[in-house]
Amino acid sequence: VIRPFVYAREKSMRDYAYSTGMPVIADNCPACFEAPKERHSVKKLLQREEAVFPSLYSCVLRAIVPLMDPVAQDMLVSVSD
């Protein structure tokens, strides 16, 4: 399961997976054979930011929800063209 980070926190997903007997991949995508680099860096960045701004995730969610509107998506595509 690949989760959008603002909808489901990693700990919640991990706890759910354990409770249902699903496998939990600790740090890296199984298709990637290298040590986690970018994912680990982003994870640490978000942890630091959340320590300073406890409402980080709810703010990010409020910011991206309007972008999921099909009209907004069409506008973004037209602007990028």
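Everything in this summary refers to the structure shown in the same document. (Residues numbered from 1 in each chain as written. Predicted model: local features only at pLDDT ≥ 70, side-chain atom pairs only at ≥ 80, totals over all residues. Heavy atoms only, no water.)

**Structural notes on the overall build of the protein**
The condition that has to hold: Going along the chain from the N terminus, every DSSP run of H or I of four or more residues is numbered as a helix, and every run of E of two or more is numbered as a strand. Working definition: with a 1.4 Å probe on protein chains only, accessible area under 20% of the residue-type maximum means buried, over 50% means exposed, and in between means partly exposed. We call two residues contacting when some pair of their heavy atoms lies within 4.5 Å. Note on areas: Shrake-Rupley, 1.4 Å probe, and residue coverage restricted to the protein chains presented here.
A count of helices and strands for the protein gives 4 helices and 0 strands. Counting all 81 residues of the protein, 10% fall into the buried class. Taking contacts inside the protein between residues at least 6 apart in sequence as the whole, the part at least 24 apart equals 34%. Summed over its atoms, the accessible surface of the protein is roughly 6,800 Å², and 65% of this surface lies on carbon and sulfur atoms.

**Observations regarding the environment of T20**
So the rule is basically this: Nitrogen and oxygen atoms within 3.5 Å of one another constitute a polar contact, given that in protein one can donate a hydrogen and the other can accept it, and given that sequence-neighbouring residues count only through two side-chain atoms.
Tracing the chain through its elements places T20 in helix α1 (residues 10-20). Among the polar contacts listed, one links the side chain of T20 to the backbone oxygen of A17, at a separation of 3.2 Å.

**Structural notes on the pattern of salt bridges**
Rules: For salt bridges, the criterion is a side-chain nitrogen of Lys or Arg within 4 Å of an Asp or Glu carboxyl oxygen.
Taken as a whole, this structure holds 4 salt bridges when the rule is applied. One salt bridge in this structure joins E10 and K43, with 3.1 Å as the shortest N-O distance. Within this pair, whereas E10 is found in helix α1, its partner K43 is found in helix α2 (residues 38-52), the two being separated by 33 residues in sequence. A residue is classified by how much of its surface remains accessible, and K43, at 25% relative accessible area, is partly exposed. Note that D15 and K11 form a salt bridge whose closest N and O atoms lie 2.8 Å from each other. Here D15 pairs with K11, and both are found in helix α1, just 4 residues apart, close to one helical turn. A relative accessible area of 37% means that D15 is categorised as partly exposed. Among the charged side chains, a network of salt bridges with common partners joins E10, R14 and K43.

**What to know about a nonpolar patch on the surface**
Counted only if it meets this: Like charges within 9 Å and nonpolar side chains (Val, Leu, Ile, Met, Phe, Trp, Tyr) within 5 Å are joined into patches, using only residues over 30% in relative accessible area that form no salt bridge.
A contiguous nonpolar surface patch, about 520 Å² in accessible area, is contributed by Y7, I64, V65, L67, M68 and L76. Counting through the fold element by element, L67 comes out in the loop between α3 (56-64) and α4 (70-80).

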